Amino acid sequence: ATDDAARREFDELRPAWSASAGRRRIDLSALVGADAQCLAEALLAPFDEVPTGLRERLTTGAEGNPYFMEELVNMMVDRGVIVSEHGHWTLKPERLHLAQMPSTLAGVLQARLDLLPADELHALQLAAVVGTVFWDDALRVLGLAGELPLASLTVRQLIVERPESSLEGRRE
């Protein structure tokens, strides 16, 4: 049996959930100290030399939430603060002050969505209609034209293509 996972708030709202067979609650604490630094180093590895203050801004801005840390980096890439050139990253410090760092994960995600071109945002909206798992042909039926928005959303790490689809002949 596999374990299902949920946030503490869910467990508090539905105490019987964690008592069900195959379920257990695991409390995760925020990354601090060396653990947060290690993740920051991994996320910023494409820099030849991590710019002064960027690692600190990443670790303190995300308050130890690994997903938040990753999305802060993605947001800086989306905004052109971090630029990828031949597999190496460079920082455009003149853009850093313009890229106000949202103080919440929801704010970071919203900032990333706000920067999307209309066709990519439309593709995400159609995917949301289908659900957390969706197929390319379902999006075409709903009105998505072409493959480009899905490829770009994959590069931006806003969607993930599964290596094997649960529906034969379909991209999931």
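See the structure shown above.
Residues numbered from 1 in each chain as written. Predicted model: local features only at pLDDT ≥ 70, side-chain atom pairs only at ≥ 80, totals over all residues. Heavy atoms only, no water.

Asks: I keep staring at the packing of helix H5 (residues 66-78) against helix H7 (residues 105-114) and nothing clicks. Help me out?
Replies: Helix-helix packing: each pair is described by the crossing angle between the helix axes and the interaxial distance. Here H5 crosses H7 at 25°, and the two axes come no closer than 9 Å. Between H5 and H7, the angle is such that the two are roughly parallel. With respect to the hand of their crossing, H5 and H7 are arranged in left-handed fashion. From H5, Tyr67, Phe68, Glu71, Leu72, Asn74, Met75 and Asp78 reach across to H7, where they touch Leu105, Val108, Leu109, Ala111 and Arg112. Split into classes, the residues belonging to the contact of H5 with H7 amount to 8 nonpolar, 1 polar and 3 charged. (Axes fitted to C-alpha atoms, helices over the stretch in contact; angles between N-to-C directions. Helix = DSSP H or I, 4+ residues; strand = E, 2+ residues; numbered from the N terminus. Parallel < 35°, antiparallel > 145°, perpendicular 65-115°, else oblique. Left-handed = near helix turned anticlockwise from the far one by under 90°. Contact = heavy atoms within 4.5 Å. Nonpolar A, V, L, I, M, F, W, Y, C, P; charged D, E, K, R; others polar.)

Asks: In this structure, what is going on with the nonpolar core? I would like to understand it.
Replies: General note: in soluble globular proteins, nonpolar side chains tend to be found buried as a group. In terms of nonpolar packing, the biggest core is built from 21 residues, with Leu44, Phe47, Leu58, Leu72 and Val73 touching the most fellow members. Among the elements that take part in this core, H5 stands out by supplying 6 residues, more than any other. Contact partners of Phe47, with chain neighbours within four places excluded, come to Leu54, Ile82, Trp89, Thr90 and Leu91. Residues Ala123, Leu124, Leu139 and Leu150 belong to the second largest nonpolar core, which totals 11 residues. (Core = buried A, V, L, I, M, F, W, Y, C linked by side-chain atoms within 4.5 Å. Buried < 20%, exposed > 50% of the residue type's maximum accessible area, 1.4 Å probe, protein only.)

Asks: Explain the environment of Met101 here, please?
Replies: Relative to the elements of secondary structure, Met101 occurs in the loop between helix H6 (93-96) and H7. Sequence separation between Met101 and Ala111 is 10 residues, and the spatial gap between their C-alpha atoms is 9.2 Å. For Met101, the residues in contact, after removing those within four places along its chain, are Arg57, Leu72, Met75 and Met76.

Asks: Any chance you could explain unusual backbone geometry here in plain terms?
Replies: Glycine aside, residues mostly have negative phi, and peptide bonds are mostly found in the trans state. Within the chain, His86 stands out as a residue other than glycine whose phi angle is a positive 55°. Despite not being glycine, Gln157 has its phi angle at roughly 65°, a positive value. Using a relative accessible area of 43% as the deciding quantity, one classes Gln157 as partly exposed.

Asks: Sorry, what's going on with helix H4 (residues 54-61) here?
Replies: Each turn of an α-helix holds 3.6 residues, which means side chains three or four residues apart point in the same direction. By the burial criterion, the buried members of H4 are Leu54, Leu58 and Thr59. End-on, the buried residues of H4 take up no more than an arc of 125°, which puts them together on one face. On its buried face, H4 sits against helix H3 (33-43), H5 and strand E2 (88-91). Glu63 sits one or two positions beyond H4 and adopts a positive phi of about 50°. (Arc of directions from axis to C-beta.)

Asks: In this structure, what is going on with a nonpolar patch on the surface? I would like to understand it.
Replies: Side chains of Val129, Val130 and Leu142 sit close together on the surface and give an oily, nonpolar patch of about 240 Å² of accessible area. Structurally, the position occupied by Leu142 is in helix H9 (residues 136-142). (Patch = residues over 30% accessible without salt bridge, like charges linked within 9 Å, V, L, I, M, F, W, Y side chains within 5 Å. Areas by Shrake-Rupley, 256 points an atom, 1.4 Å probe, with all protein chains shown as cover. Salt bridge = Lys/Arg side-chain N within 4 Å of Asp/Glu carboxyl O.)

Asks: Got a minute to help me understand the pattern of salt bridges in this structure?
Replies: Should their charged atoms come close, side chains of opposite charge can pair. What the rule picks out here adds up to 9 salt bridges. When the shortest N-O distance is used, the salt bridge between Glu41 and Arg55 registers 2.3 Å. Remark: Arg55 occurs in helix H4 and Glu41 occurs in helix H3; sequence separation between them is 14 residues. Between Glu172 and Arg162 there is a salt bridge, and its shortest N-O distance comes to 2.5 Å. Here Glu172 is found in the segment after helix H10 (148-155), whereas its partner Arg162 is found in the segment after H10, with 10 residues between them in sequence. One network of salt bridges, with partners in common, ties together Glu71, Asp78, Arg112, Glu120 and Arg156.

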